[in-house]
Amino acid sequence: IDFDLILENVKYLNLLAGEGNPQIKHTLQGARLKQPEPVPLTLYQNGIVMCNGAFRPYQDPSTQQCLQDIMDGYFPSELQQRYPDGI
């Protein structure tokens, strides 16, 4: 696992997702600025925790796919159901 590449790509993906750029959300009373919702990812020596879920060891196939997506420069495919309109 290339942790340097993961960290570099997470920074890039955060920029693509609009980190630091509030979005306009229309309401019944007008509109308000809203920050994009973060997706927490914690890397450990032997696994990850994403979205405040359960600990996932690196040997788990779904963890490997998640990290491979990030290393390839993509948002993890497992987030598509949670964010069907994108992150």
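See above for the structure.
It should be emphasised that the depicted structure is a prediction, and the values quoted were computed from it without experimental measurement.

### A few points about the packing of helix α1 (residues 3-16) against helix α2 (residues 61-71)
Reasoning step 1: For the pair α1 and α2, the least separation of the axes is 8 Å and the interaxial angle reads 65°. Judged by the inter-axis angle, α1 sits roughly perpendicular to α2. When you trace α1 past α2, the crossing you get is left-handed. Mapping the contact onto sequence places Leu-5, Ile-6, Asn-9 and Val-10 in α1 and Leu-67, Ile-70 and Met-71 in α2.
Reasoning step 2: Residues belonging to the contact of α1 with α2 are distributed by class as follows: 6 nonpolar, 1 polar and no charged.

### Comments concerning unusual backbone geometry
Reasoning step 1: Here Cys-51, not a glycine, exhibits a phi torsion of approximately 60°, which is positive.
Reasoning step 2: Here Cys-51 is to be found in the loop between β4 (47-50) and β5 (56-57).
Reasoning step 3: A positive phi angle, near 55°, is found at Asn-52, a position not held by glycine.
Reasoning step 4: Topologically, Asn-52 is positioned in the loop between β4 and β5.

### What about the sheet that holds β4?
Reasoning step 1: One open sheet accounts for 3 strands, arranged β3-β4-β5; its pairing is antiparallel. Taken across any chain shown, the strands that pair with only one partner, and hence form the sheet edges, are β3 (41-43) and β5.
Reasoning step 2: As paired elements, β3 and β4 share 3 bridges and run antiparallel to each other. Bridge pairing in β4 places Leu-41 opposite Met-50.

### Comments concerning the pairing of β4
Reasoning step 1: Residues of β4 alternate between two faces, with Gly-47 and Val-49 on one and Ile-48 and Met-50 on the opposite face, all of them buried.
Reasoning step 2: Here 2 bridges tie β4 to β5, and the two strands are oriented antiparallel to one another. Along β5, the bridge assignment pairs Gly-47 with Pro-57.
Reasoning step 3: Where β4 folds back on β5, the antiparallel hairpin that results is connected by 5 residues, among which Cys-51 adopts a positive phi of roughly 60°.

### A few points about the environment of Leu-67
Reasoning step 1: Of note, Leu-67 is situated in helix α2.
Reasoning step 2: Classification of Leu-67 by relative accessible area gives buried; the value is 3%.
Reasoning step 3: The sequence separation of Leu-67 and Ser-77 amounts to 10 residues, and the corresponding C-alpha distance is 10 Å.
Reasoning step 4: Contact partners of Leu-67, with chain neighbours within four places excluded, come to Ile-1, Ile-6, Leu-43, Ile-48 and Tyr-58.

About the thresholds
- Residues numbered from 1 in each chain as written.
- Predicted model: local features only at pLDDT ≥ 70, side-chain atom pairs only at ≥ 80, totals over all residues.
- Heavy atoms only, no water.
- Axes fitted to C-alpha atoms, helices over the stretch in contact; angles between N-to-C directions.
- Helix = DSSP H or I, 4+ residues; strand = E, 2+ residues; numbered from the N terminus.
- Parallel < 35°, antiparallel > 145°, perpendicular 65-115°, else oblique.
- Left-handed = near helix turned anticlockwise from the far one by under 90°.
- Contact = heavy atoms within 4.5 Å.
- Nonpolar A, V, L, I, M, F, W, Y, C, P; charged D, E, K, R; others polar.
- Pairing = 2+ DSSP bridges.
- Buried < 20%, exposed > 50% of the residue type's maximum accessible area, 1.4 Å probe, protein only.

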